[in-house]
Amino acid sequence: MFYFVPSWYRQDRKWYSTTLPFYYISKNMMFDDAVNLLRMFQQSGEDNKALILNYSPHIRTFFYQQRILSETMWNLFDTIQGLTDAPVRKICLADLKWPQGVEFFYTPFLVDAYLNQEHYARINFTKTGNLFDITYYDGGQINYQLIFDDRGFVSSIIYFENDQPYYQDYLNLQGVWQFREFLTTDNHQVIINPEAQEQFAKEVYRDIEELVSEKLAQYLASVLTKDDTIVVSADVQHNHFFQKIKEEYNVILSFFGERYPMDETERLLADLEGTPFFVVDSLNKIDKIENDVDLEQLPGYYEIPPYDTHLNLGHSQRKKELIIYVNYDNLPEDQIQYIFTTLFDLMLKHEWIDLLIGTQNQDYGREAYVRQVIEGYLALNPEYEFNLIFVEKNKMAMGADPTLSEEDEILRERLDIATIHSDTDLAKALKYVRIILDLGSPADVLTQIAGISGGIPQVNLYSSSYVKHGENGWILEDVSQFTDALMYYLTDLEHWNKSLVHSVKKIEQYTRGEIVEMWKNTIKELKENEEN
């Protein structure tokens, strides 16, 4: 059995739900190593289970959206609230008790309830239309807030004092509180309902983390066998929970993206102590620490991609336009202007070159900010402003043709921005892309794998296992060379086709089944070495 421990946490309340009402945009793209590993292992028929350690009343909806089976999940808070076998039911506003005379006012985002012309309640919803929470007011201040579970019942209640959260009661299916978490700045204690005391080792806990630690240890002790492997998404929030069990069981840390502070070498060495090996999404992580850490101090490490490839070749050859996809997020800050003005010059020389700028940053207003930056560079040259025009999304949504008429001249809209919320969004964005330009150090792994799946050549600044120079892309020696690399693939179909052939070969290397086999073979080799 493979157990996966995701790192789906928030910053302000470490063990609280990350789900937000539908009109809020999360700052993090909720697609990481755990999401795809769970997908791959489930679809390959391997026994697996996700261990959800934080309060997650909407985790089943998230699993559904990510195409992960929620049946293979252990939810810590469900266990301690007595909700493991809770049935699913649909609940709506009409099912709740409301005082006579209450009036509901519907907006595109939420519902406000008024009683005797005073604000009585505010109702939020999830992306799927389910109740998210209801905040009740008294005298213009927040009184309490009901938190709903996606199975159709109230999961917890937050009580307020002077408009600030005071404590939160976590309920069982009968609506009886099982434990109470205090939320003030000077009190984070958790107290247990005496009626539920037999399920807990203590009457009062220092904080919610102490309770999480106790219940996780109990669960692991009851289910783990010598043949099991625990894959922990490396995170300073939970790594310490698994330190003791490393003596008896295989605990593998998976380092992904910027989630873990690799430059904190003392912490890194402590977390890796007792780990038979660890996994990185890019060997660039090892390159970053080799100056500060003797690599012989580290356990074995493997580069195993967190994403799988699947044959999903793009359709750029069907379009006359040659679209360059630029990953904006990790461009060298001191060279962003140079990169874009050079691209603009290239587009003026070659009228069928278009530019698609991608960002995975989920901050509110991010796309508007990127456009503002690009428009600032366009303003540097009147020719840029006149000839290089942004796609107007509203016009495209209404089915209009992306051209602008000005007297007898027709100008195409040649610049566009795409915000990437998921791997599916990225695949759609790359559908008609001719070449990818990612000058990050390192390049984004998700973009590299998606490029391989689409058979798209990639231009990178740093070498990696995913893009090989002269095969499925071009590794630059210096940023100034990037136009030569782009034109190498844009002007010679033979070069582009050669890259496509190499990408198809790499697709076979990084398919779902191959990655799962990498994991299994690595674990098998480890056990054989232990026996010998």
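Residues numbered from 1 in each chain as written. Predicted model: local features only at pLDDT ≥ 70, side-chain atom pairs only at ≥ 80, totals over all residues. Heavy atoms only, no water.

(A) Representation of the overall build of the protein within the structure. The helix and strand inventory of the protein stands at 15 helices and 25 strands. By the compact-globule yardstick of 24 Å for 532 residues, the protein fits well, its C-alpha radius of gyration being 26 Å. Seen along its three principal axes, the alpha-carbon backbone of the protein occupies a region of about 75 × 75 × 40 Å. Within the protein, the fraction of its 532 residues that count as buried is 53%. If you take every contact in the protein between residues at least 6 apart in sequence, the share linking residues at least 24 apart comes to 57%. When the accessible surface of the protein is split by element, carbon and sulfur atoms take 47% of a total near 26,100 Å². Taking the average place of the 46 positive charges on the side chains of the protein and the average place of its 84 negative ones, the gap between the two points comes to 5 Å. (Helix = DSSP H or I, 4+ residues; strand = E, 2+ residues; numbered from the N terminus. Rg over C-alpha atoms; globule rule 2.2 N^0.38 Å. Buried < 20%, exposed > 50% of the residue type's maximum accessible area, 1.4 Å probe, protein only. Contact = heavy atoms within 4.5 Å. Areas by Shrake-Rupley, 256 points an atom, 1.4 Å probe, with all protein chains shown as cover. Lys, Arg positive; Asp, Glu negative; His and termini not counted. Charge placed at Lys NZ, Arg CZ, Asp CG, Glu CD.)

(B) Molecular detail of the pairing of strand S4 (residues 103–106). Note: S4 against strand S5 (residues 111–115), four bridges, orientation antiparallel. Considered in S5, the bridge of phenylalanine 104 is made with alanine 113. A loop of four residues connects S4 with S5, the two strands running antiparallel in sequence. (Pairing = 2+ DSSP bridges.)

(C) Quick look at the pairing of strand S6 (residues 118–125). Direction of pairing for S5 relative to S6: antiparallel, over a ladder of five bridges. Opposite valine 111, over in S6, you have isoleucine 123 as the bridge partner. As consecutive antiparallel partners, S5 and S6 are separated by two residues, and within that stretch asparagine 116 has a phi angle of approximately 55 degrees, a positive value. Both S6 and strand S7 (residues 131–138) contribute to a ladder of five bridges, which runs antiparallel. Paired with asparagine 124 across the strands is aspartate 133, a residue of S7. Counting the residues in the hairpin turn of S6 and S7 gives five residues, including glycine 129, whose phi is positive at 90 degrees.

(D) Inspection of the nonpolar core at higher detail. Core analysis: the largest hydrophobic core is formed by 50 residues, its most contacted members being Leu53, Phe77, Phe179, Leu220, Ile230, Phe242 and Phe255. Tallying contributions element by element places helix H4 (residues 208–223) first for this core, with six residues. Of all hydrophobic cores here, the second largest spans 38 residues; its members include Ile324, Leu331, Val370 and Leu437. (Core = buried A, V, L, I, M, F, W, Y, C linked by side-chain atoms within 4.5 Å.)

(E) Representation of the pattern of salt bridges within the structure. Under the defined criterion, the tally for this structure stands at 26 salt bridges. The shortest N-O distance in the salt bridge between aspartate 354 and arginine 412 comes to 2.8 Å. Taken as a pair, aspartate 354 in strand S19 (residues 353–359) and arginine 412 in strand S22 (residues 409–419) lie far apart in primary sequence, 58 residues in all. Of the two residues, aspartate 354 and arginine 412, both sit in the buried class. The salt bridge partner of glutamate 375 is arginine 371, with a shortest N-O separation of 2.9 Å. Separated by four residues within a single helix, glutamate 375 and arginine 371 lie in helix H8 (residues 366–378), roughly one turn from each other. For arginine 371, a relative accessible area of 25% translates into the label partly exposed. (Salt bridge = Lys/Arg side-chain N within 4 Å of Asp/Glu carboxyl O.)

(F) Geometry of the environment of glutamate 477. Note on placement: glutamate 477 falls in the loop between strand S25 (473–475) and helix H13 (482–490). For glutamate 477 and asparagine 460, which are 17 residues apart along the polypeptide, the C-alpha to C-alpha distance reads 9.4 Å.

(G) Local environment of the side chain of arginine 151. In this structure, arginine 151 sits in the loop between strand S8 (141–149) and strand S9 (153–161). You can call arginine 151 buried: its relative accessible area is 4%. Looking at arginine 151, its side chain comes within polar contact range of the side chain of aspartate 78, at 3.1 Å. Of note is the side chain of arginine 151, whose polar atom sits 3.0 Å from the backbone oxygen of leucine 83. Contact partners of arginine 151, with chain neighbours within four places excluded, come to Arg60, Asp78, Leu83, Ala86, Pro87, Val88 and Arg89. (Polar contact = N/O pair within 3.5 Å; in protein donor to acceptor, adjacent residues only side chain to side chain.)

(H) Representation of helix H1 (residues 33–43). Among the 11 residues in H1, 10 count as buried, and that is most of the element. For H1, every residue scored as buried is listed here: Asp33, Ala34, Val35, Asn36, Leu37, Leu38, Arg39, Met40, Phe41 and Gln42. Where H1 ends, the next residue or the one after it, glycine 45, has phi of about 80 degrees, a positive value.

(I) How the structure looks around the sheet that holds strand S11 (residues 177–182). Taken together, 10 strands build an open sheet; the order of strands is S4-S5-S6-S7-S8-S9-S10-S11-S12-S13 and the sheet is antiparallel. The strands lining the two open edges of the sheet, one partner per strand, are S4 and strand S13 (204–205). As paired elements, strand S12 (residues 190–192) and S13 share two bridges and run antiparallel to each other. Bridging across to S13, isoleucine 191 finds its partner in valine 204.

(J) How the structure looks around the packing of helix H7 (residues 336–349) against H13. One way to put it is that H7 packs onto H13 with a least axis distance of 11 Å and a crossing angle of 40 degrees. Relative to H13, H7 is oriented oblique. Note that H7 runs across H13; the crossing there is right-handed. Each of Tyr338, Ile339, Thr342, Leu343 and Leu346 in H7 lies in contact with H13, whose residues at this interface are Phe482, Thr483, Leu486 and Met487. Broken down by class, the residue content of the contact of H7 with H13 amounts to seven nonpolar, two polar and no charged. (Axes fitted to C-alpha atoms, helices over the stretch in contact; angles between N-to-C directions. Parallel < 35°, antiparallel > 145°, perpendicular 65-115°, else oblique. Left-handed = near helix turned anticlockwise from the far one by under 90°. Nonpolar A, V, L, I, M, F, W, Y, C, P; charged D, E, K, R; others polar.)

(K) Seen up close, the packing of aromatic side chains. Overall, the coordinates contain 42 aromatic pairs when judged by the stated rule. Arranged with centres 5.5 Å apart and planes meeting at 90 degrees, the rings of phenylalanine 105 and tyrosine 114 form a pair that is edge-to-face. Clustering of aromatic rings is evident, with ring pairs tying together Trp98, Phe104, Tyr120, Tyr136, Tyr144, Tyr159, Tyr166, Tyr167 and Phe182. Positioned above the aromatic ring of tryptophan 177 is the side chain of arginine 180, whose terminal nitrogen or guanidinium carbon lies 4.4 Å from the ring centre. Sitting over the face of the ring of tryptophan 496, arginine 434 holds its NZ or CZ atom 4.2 Å from the ring centroid. (Phe/Tyr/Trp six-rings, centres within 6.5 Å; stacked < 30°, edge-to-face > 60°. Lys NZ or Arg CZ within 6 Å of the ring centre and 35° of its normal.)

(L) Here's a closer look at the sheet that holds strand S3 (residues 73–75). With parallel pairing, seven strands are arranged side by side in an open sheet as S3-S2-S1-S14-S15-S16-S17. The open sheet has two free edges, formed respectively by S3 and strand S17 (300–303), since each of these has just one partner strand. In this sheet, adjacent strand axes meet at a mean angle of 25 degrees when their direction is disregarded. Sheet topology note: the strand S2 (residues 48–52)/S3 ladder contains three bridges and is parallel.

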